[in-house]
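What follows is each chain in one-letter form.
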Amino acid sequence: MERYKGFEPVYDKDSELLILGSFPSVKSRRTDFYYGNPQNRFWKTVCGYFGEEVPVSTEGKKEFLLRRSIALWDVVTECEIDGSKDDTIRNFSVADIPGLVKKARIRRIALNGGKAYEIFVQNFAGIGVPYVKLPSTSPANTRFSLKEWEDALQNVDGRA
C-alpha cells in the first residue's frame, strides 16, 4: 500500500490556537493544502467566524491563519490510508506537537473530528495545554455543529 505524506504546519511564534485535523483528504492532497475539498466546512466556518471571505489562494489562507493567531496542522504526518477515510489510517507517524507548542504561544488545541482526537489523546494527553474535541468539518459528517466551533474560536486574536 502507498504511503502518503501530510503538510507542514502553518504557524508562527504568535499562534495561540492550534487546530489539528487527522490527515489530508484526497482532494486536499491534490490541492496541496489543508481542507482542499470545497464541500469541507473548515474554511467557511473559521473565516465566517471572523466575518471574512474565504481566501482563494493558499497564500491567502496562510496569511489569514497567521493574522488570526491560528496554527493549523494534522496529528498524523505520514500514513497509509484508503482514499480519505480516517478509519483506514494505519502505520502512521505522529506530528511533533510538543515541539510546535514550544515554538509558539499555543493556549488551546482544537481537534477537528474523532480520529484526530483519538490519535492526539493516545499520544499527547499530558501535553499541558487545554484541548477540545470538535465535530469534523468533513462533508461526510452529518453531526457538524457550528456553535461548538464558534465556542472554540472565542478569544482568538483578542475576540471575546
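Everything below is about the structure shown above.
Residues numbered from 1 in each chain as written. Predicted model: local features only at pLDDT ≥ 70, side-chain atom pairs only at ≥ 80, totals over all residues. Heavy atoms only, no water.

Draft legend 1. Structural detail: the sheet that holds strand β1 (residues 3-5). Spatially, three strands are ordered β1-β4-β5 in an open sheet, and the strand pairing comes out antiparallel. Strands with a single pairing partner mark the edges of an open sheet, and in this sheet they are β1 and β5 (90-94). When the angles between neighbouring strand axes are averaged without regard to direction, this sheet yields 15 degrees. In terms of strand pairing, β1 meets strand β4 (residues 76-80) through three bridges, oriented antiparallel. Directly across from Tyr4, in β4, lies its bridge partner Cys79. (Pairing = 2+ DSSP bridges. Helix = DSSP H or I, 4+ residues; strand = E, 2+ residues; numbered from the N terminus. Axes fitted to C-alpha atoms, helices over the stretch in contact; angles between N-to-C directions.)

Draft legend 2. Layout of the packing of aromatic side chains. Summed over the entire model, instances satisfying the criterion amount to eleven aromatic pairs. Relative to Tyr34, the ring of Phe33 has its centre 5.3 Å away and its plane inclined at 80 degrees; by these criteria the two rings are edge-to-face. Across the pair, Tyr34 and Phe33 agree in class, each one buried. Both rings, one in Phe33 and one in Trp43, keep their centres 6.1 Å apart while their planes meet at 20 degrees; by these two values the pair is stacked. On the criterion of sequence distance, the pair formed by Phe33 in the loop between α1 (26-31) and α2 (42-49) and Trp43 in helix α2 is long-range, its members being ten residues apart. For the residue pair Phe33 and Trp43, the accessibility class agrees, reading buried in each case. (Phe/Tyr/Trp six-rings, centres within 6.5 Å; stacked < 30°, edge-to-face > 60°. Buried < 20%, exposed > 50% of the residue type's maximum accessible area, 1.4 Å probe, protein only.)

Draft legend 3. Up close: helix α3 (residues 58-67). By the burial criterion, the buried members of α3 are Gly60, Lys61, Phe64 and Leu65. End-on, the buried residues of α3 take up no more than an arc of 135 degrees, which puts them together on one face. The first or second residue beyond α3 is Ser69, which carries a positive phi of 65 degrees. (Arc of directions from axis to C-beta.)

Draft legend 4. Molecular detail of the side chain of Glu80. Mapping Glu80 onto the fold places it in strand β4. In this structure the side chain of Glu80 is engaged in a polar contact, spanning 3.0 Å, whose partner is the side chain of Asn91. (Polar contact = N/O pair within 3.5 Å; in protein donor to acceptor, adjacent residues only side chain to side chain.)

Draft legend 5. The arrangement of the packing of α2 against helix α6 (residues 146-153) in detail. With their axes 10 Å apart at the nearest point, α2 and α6 run at an angle of 50 degrees to one another. In terms of their interaxial angle, α2 and α6 are classed as oblique. Taken as a pair, α2 and α6 cross one another with a handedness that is right-handed. Of the residues in α6, those touching α2 at Phe42, Thr45, Val46 and Tyr49 are Leu146, Trp149, Glu150 and Leu153. Each residue belonging to the contact of α2 with α6 can be placed in one class, and the counts come to six nonpolar, one polar and one charged. (Parallel < 35°, antiparallel > 145°, perpendicular 65-115°, else oblique. Left-handed = near helix turned anticlockwise from the far one by under 90°. Contact = heavy atoms within 4.5 Å. Nonpolar A, V, L, I, M, F, W, Y, C, P; charged D, E, K, R; others polar.)

Draft legend 6. Representation of the layout of surface pockets in the model. The space that makes up the largest pocket amounts to roughly 500 Å³. Lining of the largest pocket is provided by 24 residues; of these, Asn40, Ser84, Asp86, Ser136 and Ser138 occupy positions nearest its centre. When residues of the lining of the largest pocket are traced back to their parent elements, those giving at least two are α1 and α5 (114-124). Of the residues that constitute the lining of the largest pocket, the class distribution is six nonpolar, 14 polar and four charged. (1 Å grid on protein atoms, 1.4 Å probe; cavity = no way out; pocket = protein on both sides within 12 Å on 5 of 7 lines; lining within 4 Å. Points joined across faces, edges and corners; volume = space filled by probe spheres on them.)

Draft legend 7. Spotlight on α5. Of the residues making up α5, those classed as buried are Lys115, Ala116, Ile119, Phe120 and Phe124. The arc that holds every buried residue of α5, seen down its axis, measures 125 degrees, which confines them to one face. On its buried face, α5 is in contact with β2 (17-21), β4, β5, α4 (97-103), β6 (108-112) and β7 (131-134).

Draft legend 8. Summary view of the pattern of salt bridges. Under the criterion given, the structure shown has 13 salt bridges. Glu16 is the partner of Arg105 in a salt bridge, and the nearest nitrogen-oxygen pair spans 2.8 Å. Remark: Glu16 occurs in the loop between β1 and β2 and Arg105 occurs in the loop between α4 and β6; sequence separation between them is 89 residues. For Arg105, a relative accessible area of 44% puts it in the partly exposed group. (Salt bridge = Lys/Arg side-chain N within 4 Å of Asp/Glu carboxyl O.)

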